[in-house]
Amino acid sequence: MGDQVLVSVDEMLGSGSDTNRQVLESVREMLGSGLDSNDQQVTVVPSLNGVLIDQPLAIGQEFPDVDTCRRTLKEIAISLHFEIRIVKSDRSRFIAKCSKEGCPWRVHVSKCPGVPTFTIRTLHGEHTCEGVQSLHHQQASVGWVARSVESRVRDNPQYKPKEILQDIRSQHGVAVSYMQAWRGKERSMAALHGTFEEGYQLLPAYCEQIRKTNPGSIASIATGQENCFQRLFISYRAAIYGFLNACRPLLELDRVHLKGKYLGLLFCAAAVDANDTLFPLAIAVVDVESDENWMWFMSELRKLLGVNTDSMPRLTILSERSAGMVEAVETHFPTAFHGYCLRYISENFRDTFKNSKLVNIFWNAVYALTTSEFESKVSEMVDISQDVLQWFHHYNPQQWAVAFFEGLRYGHFSLGITEVLYNWALECHELPVVQMMEHIRQQVTSWSNDRRNMGMRWTSILVPSAEKRISEAIADARCYKVLRANEIEFEIVSTERTNIVDIRSRVCSCRRWQLFGVPCAHAAAALISCGQNAQLFSEPCFTVHSYRETYSQMIYPIPDRSLWNEAGEGTDGGGANVDIIIRPPKTRRPPGRPKKKVLRIESFKRPKRVVQCGRCHMLGHSQKKCSLPS
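Residues numbered from 1 in each chain as written. Predicted model: local features only at pLDDT ≥ 70, side-chain atom pairs only at ≥ 80, totals over all residues. Heavy atoms only, no water.

- The chain has the name SWIM-type domain-containing protein in an unreviewed UniProt entry, where Solanum stoloniferum is given as its organism.

### A short note on the packing of aromatic side chains
Stage number 1. By the definition in use, this model includes 33 aromatic pairs.
Stage number 2. On the numbers, 5.6 Å between centres and 80° between planes, the contact of Phe267 with Phe297 is edge-to-face. With Phe267 in strand S12 (residues 265–272) and Phe297 in helix H9 (residues 291–305), the pair connects residues that are 30 residues apart, well separated along the chain. Summarising the burial analysis for this pair, Phe267 and Phe297 share the class buried.
Stage number 3. An angle of 10° between the planes, with centres 4.2 Å apart, marks the rings of Phe349 and Phe362 as stacked. (Phe/Tyr/Trp six-rings, centres within 6.5 Å; stacked < 30°, edge-to-face > 60°. Helix = DSSP H or I, 4+ residues; strand = E, 2+ residues; numbered from the N terminus. Buried < 20%, exposed > 50% of the residue type's maximum accessible area, 1.4 Å probe, protein only.)

### Description of the nonpolar core
Stage number 1. By size, the foremost hydrophobic cluster in this structure holds 61 residues, and its most contacted members are Phe243, Leu281, Phe297, Met298, Leu301, Ile317 and Val501.
Stage number 2. With sequence-adjacent residues up to four places away left out, Ile317 is seen in contact with Leu251, Leu253, Met298, Val329, Phe333, Ala336, Phe337, His338 and Gly339.
Stage number 3. Membership of the second largest hydrophobic core comes to 59 residues, among which are Tyr206, Ala219, Val256 and Met437. (Core = buried A, V, L, I, M, F, W, Y, C linked by side-chain atoms within 4.5 Å. Contact = heavy atoms within 4.5 Å.)

### Section: unusual backbone geometry
Stage number 1. Not every positive phi belongs to a glycine, and Lys354 is a case in point at roughly 50°.
Stage number 2. When you line up the elements, Lys354 lands in the loop between helix H11 (342–353) and helix H12 (356–366).
Stage number 3. Using a relative accessible area of 67% as the deciding quantity, one classes Lys354 as exposed.
Stage number 4. One non-glycine residue, Arg511, adopts positive backbone phi at about 75°.

### Quick look at the side chain of Ser217
Stage number 1. Structurally, the position occupied by Ser217 is in the loop between helix H7 (196–213) and strand S9 (218–223).
Stage number 2. Ser217 sits in the buried class, given a relative accessible area of 8%.
Stage number 3. In terms of polar contacts, Ser217 uses its side chain to reach the backbone carbonyl oxygen of Asn214, at 2.7 Å.
Stage number 4. At a separation of 2.9 Å, a polar atom in the side chain of Ser217 contacts the main-chain amide nitrogen of Arg237. (Polar contact = N/O pair within 3.5 Å; in protein donor to acceptor, adjacent residues only side chain to side chain.)

### What to know about the pattern of salt bridges
Proximity of charged atoms lets side chains of opposite charge pair with each other.
Stage number 1. As enumerated under the stated definition, the model contains 16 salt bridges in all.
Stage number 2. Across the salt bridge formed by Arg93 and Asp90, the nearest N and O atoms sit 3.4 Å from each other.
Stage number 3. Owing to a relative accessible area of 34%, Arg93 belongs among the partly exposed residues under this scheme.
Stage number 4. Classification of Asp90 by relative accessible area gives partly exposed; the value is 29%.
Stage number 5. Here Lys586 and Glu226 are joined by a salt bridge, their closest N and O atoms 3.0 Å apart. Here the residue Lys586 occupies a position in the segment after helix H20 (544–550), and Glu226 occupies one in the loop between S9 and strand S10 (229–235), the gap between them amounting to 360 residues.
Stage number 6. For Lys586, a relative accessible area of 59% gives the class exposed.
Stage number 7. Look at the salt bridges and you will find they share partners, linking Glu226, Arg583 and Lys586 into a network. (Salt bridge = Lys/Arg side-chain N within 4 Å of Asp/Glu carboxyl O.)

Structural data, given as structure tokens:
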């Protein structure tokens, strides 16, 4: 066997390099307690270049099973930069040798009689070869890559194959292919979260757990032919209660395409809380985007609200108004106001005409408060391009223009849920469906807890966003002259125009009070003149009390999968039998890299409007900051 020196594992770990020390630590853990503390001896042999190297193997060393033995030898071979060739591997023995011809290194491991462990019977620990000179290593298999990156993948599911390549090369000095890294991550994800196929099989039990831990919640699943997954709908009782009792009657609808193994789409209906932040109400996963699936989603949403559609005439729904959405809303919410998302409509206008001047005038028309102001802007656009009229015929202004839209948006014009769905799709596309829904539930729960705590700290009447609008209105109100007609009607005079305010009906002829739910500057001037607190004349949905009520209910956690009942009884409450094996949908991700849709985040923000002075008619300042004498 050549000259060999025996040292303890502790001595060896104290002197090795950082990389080797990490490997040896993991090897020592894998070896477990097979050796007595007095027998933890390893062989130190000449390295491949004549320098002593660490070799944590010794005759008599035990392994719990042959797989552990195989993994341990792979780790050692990669760490010490030599390759092994397996001579024999069966239920009773494992024999391996150095892959280089003529090198005497060899190990023989056999099963101990009467016990499941394996022990090293023969060990020739000296290398006479040069070892692996290239960066590629035969033992760096997909399984080894999966074990190497498992902890990183657990902490960061977005860990990319390209990053895996770089980390393995820097930490182990080994180069693996992109496909090896990709497959290794896939195998590691499956070990941590289960396969995509297992995720669909767990859905009935998962829905049952949602209803059990969060009574009053809706969790239903529907299958198609051959028990293939088709639809999943989830809404927690805390969200249902918050929307019905405290949120403004406004819903956003949108969907995002998933990029997982079986594709599919994520549907969402979200409300808006008192402080203008999103409040997810219902989430669904469907196999394909179709009119039938939109019809089903809106049907579930109507049942969720538990109301006759005629009893919510003021419900406003915002979406991209695709054909399937429009038909589903008209069927299940016939009295609701269904308007376009202004981001979508503006992007469509911009892509159609590609004229920046025309787009700027278009935005002025969008936010025009009166029909006369809107028509004036339309005339300016027609002077530039006659095609605008044809575009208006296709996209009816009653569905997007502030001057014509009959629903109440409360100043919420674009779909904020689009960005949220886009982020969820990026974060969860590599997770099975159950883990994806759990990730979303945990994020929504975190939002709710943070907002609940924040709401308890507020001491004002209105939430901060409404308070800011009131403060701006009160500041602007100083420029107006107030004439009182009677107890409830006021005439507000300025150099621009005269507006009529009715504080009992909470109406101003400028329409801002009605559209935003918070007193405008004219209303603030009238209320201040008669000694009223303008904050008390905002809609109740903007109060701190409503905000607290929105998040007053808890979303309770789902127990660990090991605690679920393995055998369900009857149906899952959504009509599906929990004993049925749900198969994945027929759709499969096509080969190749998925195409990315670049989401223009800046387009979520409303473009800054140019202020025009009502006194001198110059741009860039308002009447109250005008230097000309009044």
